[in-house]
Amino acid sequence: MLIKVKNLRKEFSVGGTLFQTERETVKAVDGISFDIKSGAALGLVGESGSGKTTVAKTMLRLHEPTSGEFIFDEQSVFSLLPAELRKLRRRMQIVHQNPNASLHPRMTVMAQVSRPLKIQGIGDKSTHEKQVLDMLQRVGLNPEHARRYPHEFSGGQKQRISIARALITNPEFVALDEPTSALDVSVQAQVLQLLRRLQSELNLTYLFVSHDLGVIRYMCSEVAVMYLGNLVEYATKPKLFANPLHPYTQSLLSIVPIPDPKLRHRDRKMLKGEIPSPKNPPKGCRFHTRCPQVMEKCKSIEPKMKQIEEGHQVACHLYE
Ligand code: SF4
């Protein structure tokens, strides 16, 4: 087991503007736990605003956690001192959603892909160039791309540069935060194929964050479904797709496009309304304001995560 997340919480304090003196607490992630085995890919799925990106960023300490634990290869990441954390960063990396925002517009590809090597003190200038050229080739770019700037590339190529930069220090764990959602549909599949190939060639462990269960199905071996800061279902891929238990998972799954025309007219369980604000989440089950199967007790009692069978857990009063 490489990754263990235990009872992770992340709260943000917001407000305190000219017109609003009181600050409010937003519980973006409210006590979630999961494991990822070495070499596996866990999909973290949910709508925008569910807190899934905050989980990835907090694990890598791009946000400081409010409480909880993240054990990486038997080290407690949240207890590390800055120098220890810097050392560990070569083994854990992140690929962000939008390469336009994450790449520096005035640095060449060579300069930005080699930067993590410089920060980590790995090798020297003479070795960096060869490492960067090898990595560019691995992600499907050419050596001549190394001297160019980000604006000279397409969206798919820019995401390949971001992936090269994340992998240059030879990490074991990579958090992928919606890595294809900013790309044209035509190039999404190519980048997903690349990520799958790299996972198997380099034995990478992934946390794959996405709002799209179709993408998660292609990429991941286990799936955690997140709603308003909590996990609501957690299962192996075959179990989740064959038998989704939580009404929220059932809705997400019913809107995944299916190429088979015979199945196009299946029952779509469209979700009503928007995800509520995490500043003021509903009492009881957080999904009760949108749940088609809501019962009276759902409005006051929060369901706990329960194992239904080996490799399948759900938090819903329907299964008690
Ligand atoms: Fe729906 Fe109740 Fe289950 Fe929540 S606990 S998902 S409201 S049935």
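Structural data are supplied above this passage.
All of these numbers come straight from a predicted model, not from anything done at the bench.

Right, let's get into the packing of helix 6 (residues 155-167) against helix 7 (residues 185-202). Geometry of a packed helix pair, given as the angle between the helix axes and the separation of the axes. Here helix 6 crosses helix 7 at 20 degrees, and the two axes come no closer than 10 Å. With respect to helix 7, the element helix 6 is oriented roughly parallel. Along this stretch, helix 6 crosses helix 7, giving a crossing that reads as right-handed. On helix 7, the residues touching Gly156, Gln159, Arg160, Ile163 and Leu167 of helix 6 are Val187, Gln190, Val191, Leu194, Leu195, Leu198 and Leu202. Among the residues forming the contact of helix 6 with helix 7, the class breakdown is 8 nonpolar, 3 polar and 1 charged.

The next point concerns the packing of aromatic side chains. Taken as a whole and assessed by the stated rule, the structure comprises 6 aromatic pairs. With 6.4 Å between their ring centres and 75 degrees between their planes, Phe70 and Phe72 make a pair best called edge-to-face. Cluster of aromatic residues (ring-pair linked, three or more members): Phe70, Phe72, Phe78 and Phe173. Residue placement shows Lys10 over the ring face of Phe12; its charged tip is 4.9 Å from the ring centre.

Let us now look at the site of the ligand. Around the ligand sit His246, Pro247, Cys285, Phe287, His288, Cys291, Gln293, Cys298, Pro303, Cys316, His317 and Leu318, and those are all the residues in its vicinity. By residue class, the composition of the shell around the ligand is 8 nonpolar, 4 polar and no charged.

Attention now goes to unusual backbone geometry. We note that Asn7 has phi near 50 degrees; this positive angle belongs to a residue other than glycine. Within the secondary structure, Asn7 is located in strand 1 (residues 3-15). Residue Asn170 is not a glycine yet carries a positive backbone phi of 65 degrees. Residue placement: Asn170 occurs in the loop between helix 6 and strand 7 (173-177).

Definitions and cut-offs
Residues numbered from 1 in each chain as written. Predicted model: local features only at pLDDT ≥ 70, side-chain atom pairs only at ≥ 80, totals over all residues. Heavy atoms only, no water. Axes fitted to C-alpha atoms, helices over the stretch in contact; angles between N-to-C directions. Helix = DSSP H or I, 4+ residues; strand = E, 2+ residues; numbered from the N terminus. Parallel < 35°, antiparallel > 145°, perpendicular 65-115°, else oblique. Left-handed = near helix turned anticlockwise from the far one by under 90°. Contact = heavy atoms within 4.5 Å. Nonpolar A, V, L, I, M, F, W, Y, C, P; charged D, E, K, R; others polar. Phe/Tyr/Trp six-rings, centres within 6.5 Å; stacked < 30°, edge-to-face > 60°. Lys NZ or Arg CZ within 6 Å of the ring centre and 35° of its normal. Near = heavy atom within 4 Å.

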